[in-house]
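Coordinate inspection notes
Each chain is listed here by its residues.
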Amino acid sequence: AILANQIAAGEVVERPASVVKELVENSLDSGASLIEIEIEKGGHKQILVRDNGNGIPQQELALALSRHATSKISSLDDLEHIVSLGFRGEALASISSVSRLSLSSKPAEQNEAWQAHSEGRDMQVQLTPIAHPKGTSVDVTDLFFNTPARRKFLKAEKTEFSHIDEIIRRIALSRFDVAFSLKHNGKLLRKYPAADNSVSKHKRLISICGKEFGEQAIELNSQYQDFSLQGWLAPPNTAKPQVDCQYFYVNGRMMRDKLLNHAVRQALEGVIAPEHQLAYVLYFSLDTAQVDVNVHPAKHEVRFHQSRLVHDFVYRALSDAINQYFS
Ligand code: ADP
Ligand code: MG
């Protein structure tokens, strides 16, 4: 029951960026290789996420909008495991309860596409046939139209959009194999083509983190037993860019973790001057049995079973890379 409550308490819909995050993660889960995001007025007016993934069969459309209708859970053990990954089976239901939502989809093996529409807490889902290519579109309009208190907390259009932009950057740095585009008020602002080799990956790094970092980035590739650390580190003398790039991924998920931050800072202590930036995009991976993810997925916290070992590995990998850069 506690688990269920924790799940229910998960604040899925805090602001437009949290909606975007959930929808894009669903698209990734569906195996999409192309995800297009269109935002109107910072997401206050509209959030549209379109993908070319596996789609949702007609008979499952209404179900996808109901609470805990996840297709990923079949037992409590599964649930425990899945919660740790952030899949709670309630994102679409939560979003649709505070907006007007249309879910349109066509699986490859179905001839027609269908759309489910629901408005607010009413939960009366209507199905209509529609034209749609293979994949899924979720169109969320008038977010918080029925929760005026929440609507009041929405910040200026520009601020909400910058949160969305950040979420997409973060996701795009974790899935180079997927193409993303982001429009705001009809204008194409970001385009991250799929990258399958080191040159194109490097291009994406530059377009997300800027030239200063991207063009001179120190590349990392360290292994120790089942630990591996890959990614990029800005050379210590890199000028400050417009975009802060400090991303640490653990087994593919972005984390803000004290232990890891400490290891990074310690490695760079003394080499980096205040007028220079600390920038890194790092991918740490280890055996999933060696790590616990906080049950509240929004917190981005992890706990390593062998935390000392992890800390020292990360510290050493970065120190070695920096020493090599200076030698
Ligand atoms: P969860 O992702 O935790 O399962 P959601 O509420 O986010 O829960 O989504 C409910 C279900 O709807 C998913 O389990 C999936 O089956 C389906 N779904 C949602 N979005 C998509 C999508 N873009 N493509 C395919 N299926 C989707
Ligand atoms: Mg989901």
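Structure: above.
For clarity, every value in this text was computed on a predicted model and none was experimentally measured.

Conventions we followed
Residues numbered from 1 in each chain as written. Chains lettered and ligands numbered in written order. Predicted model: local features only at pLDDT ≥ 70, side-chain atom pairs only at ≥ 80, totals over all residues. Helix = DSSP H or I, 4+ residues; strand = E, 2+ residues; numbered from the N terminus. Buried ≥ 20, exposed ≤ 12 C-beta atoms within 10 Å, placed from the backbone. Contact = placed C-beta atoms within 7 Å. Pairing = 2+ DSSP bridges. Axes fitted to C-alpha atoms, helices over the stretch in contact; angles between N-to-C directions. Expected span 1.5 Å × (residues − 1). Core = buried A, V, L, I, M, F, W, Y, C linked by C-beta atoms within 7 Å. Parallel < 35°, antiparallel > 145°, perpendicular 65-115°, else oblique. Left-handed = near helix turned anticlockwise from the far one by under 90°. Nonpolar A, V, L, I, M, F, W, Y, C, P; charged D, E, K, R; others polar. Arc of directions from axis to C-beta.

Moving on: the overall build of the protein chain. A count of helical and extended segments in the protein chain gives eleven helices and 15 strands. Classification of the 327 residues of the protein chain by burial places 36% in the buried group. Partitioning the intrachain contacts of the protein chain with sequence separation of at least 6 by distance along the chain shows that 67% fall at a separation of at least 24.

With mixed pairing, the eight strands of this open sheet are ordered in space as β5-β4-β3-β6-β2-β1-β7-β8. The open sheet terminates on both sides in strands that have one partner only, identified here as β5 (126-130) and β8 (187-192). Across the sheet, the mean angle from the axis of one strand to that of its neighbour is 15 degrees, orientation sign disregarded. With seven bridges joining them, strand β3 (residues 100-106) and strand β6 (residues 135-141) adopt antiparallel strand pairing. Bridge pairing links Ser-104 to Ser-137 in β6. Strand contacts of helix α7 (residues 157-172): β1 (34-40), β7 (179-184) and β8, with the helix running at about 175 degrees to β7, the strand carrying the most contacts.

In this section: the pairing of β7. The alternating pattern of β7 places Phe-180, Leu-182 and His-184 on a buried face and Ala-179, Ser-181 and Lys-183 on a face that is not buried. Direction of pairing for β1 relative to β7: parallel, over a ladder of six bridges. Residue Ile-35 lies in a different strand from β7, and its bridge partner there is Phe-180. Sheet topology places β7 next to β8; five bridges connect them, and they run antiparallel. In the strand pairing of β8, Leu-182 is matched with Arg-190. Connecting β7 to the antiparallel partner β8 that follows it, the hairpin turn spans two residues, and Asn-185 within it adopts a positive phi of roughly 50 degrees.

Read across the open sheet, the five strands follow the order β9-β10-β13-β11-β12; overall the sheet is mixed. Edge strands, defined here as strands with exactly one partner in the open sheet, are β9 (218-224) and β12 (253-254). As defined by bridge partners, strand β11 (residues 246-250) adjoins β12 across two bridges and the pair is classed as antiparallel. The partner of Val-250 across the bridge, within β12, is Arg-253. On top of the sheet, helix α11 (residues 307-326) reaches β9, β10 (227-233) and β13 (280-285); it is set at about 140 degrees to β9, its chief contact.

This part takes up helix α8 (residues 198-209). Across its twelve residues, α8 extends 16 Å between first and last C-alpha, which sits within 8% of the 16 Å expected from 1.5 Å per residue. Contact partners of the buried residues in α8: α7, β8, α9 (211-216), β10 and β13. Of the residues trailing α8, Gly-210 is marked for its positive phi of about 95 degrees.

Right, let's talk about the nonpolar core for a bit. By size, the foremost hydrophobic cluster in this structure holds 71 residues, and its most contacted members are Val-20, Val-281 and Val-314. The biggest single contributor to this core is α7, with six residues. Dropping the residues within four chain positions of it, Val-314 is found in contact with Leu-229, Leu-260, Ala-263, Val-264 and Phe-284.

Now for unusual backbone geometry. Look at Phe-144: it is not a glycine, yet its phi comes out positive at around 65 degrees. As for its position among the elements, Phe-144 is in the loop between β6 and α6 (148-153). With a phi angle near 50 degrees, Asn-185 is a residue other than glycine that sits in the positive phi range. Along the chain, Asn-185 falls in the loop between β7 and β8.

Turning our eyes to something else, we now look at the packing of helix α10 (residues 258-268) against α11. Their axes nearest at 8 Å, the elements α10 and α11 cross at an angle of 30 degrees. Between α10 and α11, the crossing angle belongs to the class labelled roughly parallel. Considering only the axes of α10 and α11, their crossing is right-handed. Residues Leu-259, Leu-260, His-262, Ala-263, Val-264, Gln-266 and Ala-267 of α10 touch α11, and the partners they reach there are Ser-307, Val-310, His-311, Val-314, Tyr-315, Leu-318, Ser-319 and Ile-322. Residue classes in the contact of α10 with α11 are distributed as ten nonpolar, five polar and no charged.

Further remarks concern α10. Each turn of an α-helix holds 3.6 residues, which means side chains three or four residues apart point in the same direction. Here α10 has its buried residues at Leu-260, Ala-263 and Ala-267. Along α10, the residues classed as buried sweep out an arc of 60 degrees about the axis, all on the same side. Residues of α10 that are buried sit in contact with β11 and α11. Where α10 terminates, the next one or two residues include Gly-270, which has phi positive at roughly 85 degrees.

Distances and angles like these do not, on their own, reveal function.
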